[in-house]
Amino acid sequence: MEQLKVGEGPVLFGRCGAVATATLNLPKALNALNFDMIERLAQQLDDWAADDSVACVWIDGSGDKAFCAGGDVVALYRESPAYGEQPDYRYTTKFFSREYRLDYRIHTYPKPVVVWGGGIVMGGGIGIMAGASHRIVTESTRMAMPEVTIGLFPDVGGSWFLNRMPGRLGLFLGLTGAQFNGSDALFAGMADRMLADGRREAALEALVALEFSADCAGNHRRVSDCLKRLEVPQAEQPASNLRAHYDQIQALTDFASLPEVCRAIAGYSGDDTWLQKAAATLAKGSPLTPWIVWEQLARGRHRSLAEVFRMELVLAVNLCASGHFKEGVRALLIDKDRNPQWQPCSLEEIGAQQVARCFEAPWADNPLANL
């Protein structure tokens, strides 16, 4: 298939007929999203929205291992304070406000946006994928919002999409950072179609061959019908842990307070390895993150998408300034000792005032006020 290349670097842009393409291009870093990539993708999406010759946008990642493994947390680590150090909100405000503005743009984009979510899709990668009109997963898809391990929280719209999952699946995934596959994503409403890993090029070719029009609604239907013809039959899709464990997850989260829920999950004593891993991750994770997850879902339940991103921007800069994020990233990615020294070190030591302060804006005007 002939593709006109119109860009190079950390994001590759191209054209195939009426389909514009963007490929995250840092495969050695699992296409982790840095500030430059966010800026380039945001500008190109604006240009394509105004270009009448573009009918559909396709976004994928270089290589077969990952669509996008998350945001560039090492850069954020360098700009964030340790416990007790004076915070500087400038870089984190700039990074997260640009990232969330990009995510919001994708959520509200008028033209069809197709995201190929094969391989690892986590954190910032979910932020891009969640807002797309046509979200493709494959047999290799591995998704998670694992921020509890680094003292952050499930952001990039997590307050929106976790609240819209069946039952309390969103709460469970936010608290535990549990991995879920493509079938899970379909069950939880985080994906629309499952296509075979080897059909990426065929799917793009099929989209390019469509007879698009100037009618965006009609183009959305054409893309949906096209992808439906290519999807993996349900009988051949991997088993869904979320579907299989749905009732058990409901039981583990069926309590009126966060400490009760966390004790139930972390105290799981059964022989299911998936639930065991989820319990262990929660038990060893940041004690502040579960409080934030509990509160963000409660506060975000009836907010608009724009209001959700404004709330999450406040949370993101405050969590990065708290010392928890710096310590979490140090233990997981810098020193790699996997032994974070959280301060405070337990859920019970964190008071309501400390949680409430995380929702207080550090600036007079929210940078996302005009969403």
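In case you missed it, the structure is sitting above this.
The notes below deal with the structure included here. This one's a predicted model, so the numbers in the text were calculated from it and none came from an experiment. (Residues numbered from 1 in each chain as written. Predicted model: local features only at pLDDT ≥ 70, side-chain atom pairs only at ≥ 80, totals over all residues. Heavy atoms only, no water.)

## Things to note about the side chain of H245
Thinking step 1. Inspection of the secondary structure assignment puts H245 in the loop between helix 10 (241-244) and helix 11 (246-252).
Thinking step 2. H245 gets classed as buried once you look at its relative accessible area, which sits at 8%. (Helix = DSSP H or I, 4+ residues; strand = E, 2+ residues; numbered from the N terminus. Buried < 20%, exposed > 50% of the residue type's maximum accessible area, 1.4 Å probe, protein only.)

## With respect to the environment of F325
Thinking step 1. Positionally, F325 belongs in helix 16 (residues 324-334).
Thinking step 2. For the pair F325 and P344, spaced 19 residues apart in the sequence, the C-alpha separation amounts to 13 Å.
Thinking step 3. In this structure F325 touches V73, L76, Y77, S80, I150, G151, L152, L319 and C320, once residues within four positions along its chain are discounted. (Contact = heavy atoms within 4.5 Å.)

## Observations concerning the sheet that holds strand 9 (residues 142-144)
Thinking step 1. Taken in spatial order, the four strands of this open sheet run 5-7-9-10, and their pairing is mixed. Across the chains shown, the open sheet's two edge strands, defined by having one partner strand only, are strand 5 (66-68) and strand 10 (180-181).
Thinking step 2. Direction of pairing for strand 7 (residues 120-122) relative to strand 9: parallel, over a ladder of three bridges. Pairing of V121 across the sheet is with M143, part of strand 9. (Pairing = 2+ DSSP bridges.)

## Re the pattern of salt bridges
Side chains that differ in sign of charge can pair as their charged atoms come close.
Thinking step 1. The tally for this structure, following the rule as stated, stands at 14 salt bridges.
Thinking step 2. Taking the shortest distance from any N to any O, the salt bridge between R15 and D51 comes out at 3.8 Å. A residue pair is termed long-range when its members are at least 10 positions apart, and R15 in strand 2 (residues 11-16) and D51 in the loop between helix 1 (35-49) and strand 4 (56-61) qualify at 36 residues.
Thinking step 3. Between D337 and R330 there is a salt bridge whose closest N-O contact spans 2.7 Å.
Thinking step 4. Owing to a relative accessible area of 39%, D337 belongs among the partly exposed residues under this scheme.
Thinking step 5. Exposure remark for R330: the relative accessible area of 15% places this residue in the buried category.
Thinking step 6. Within the structure, one salt-bridge network assembled from shared partners comprises E327, R330, D335 and D337. (Salt bridge = Lys/Arg side-chain N within 4 Å of Asp/Glu carboxyl O.)

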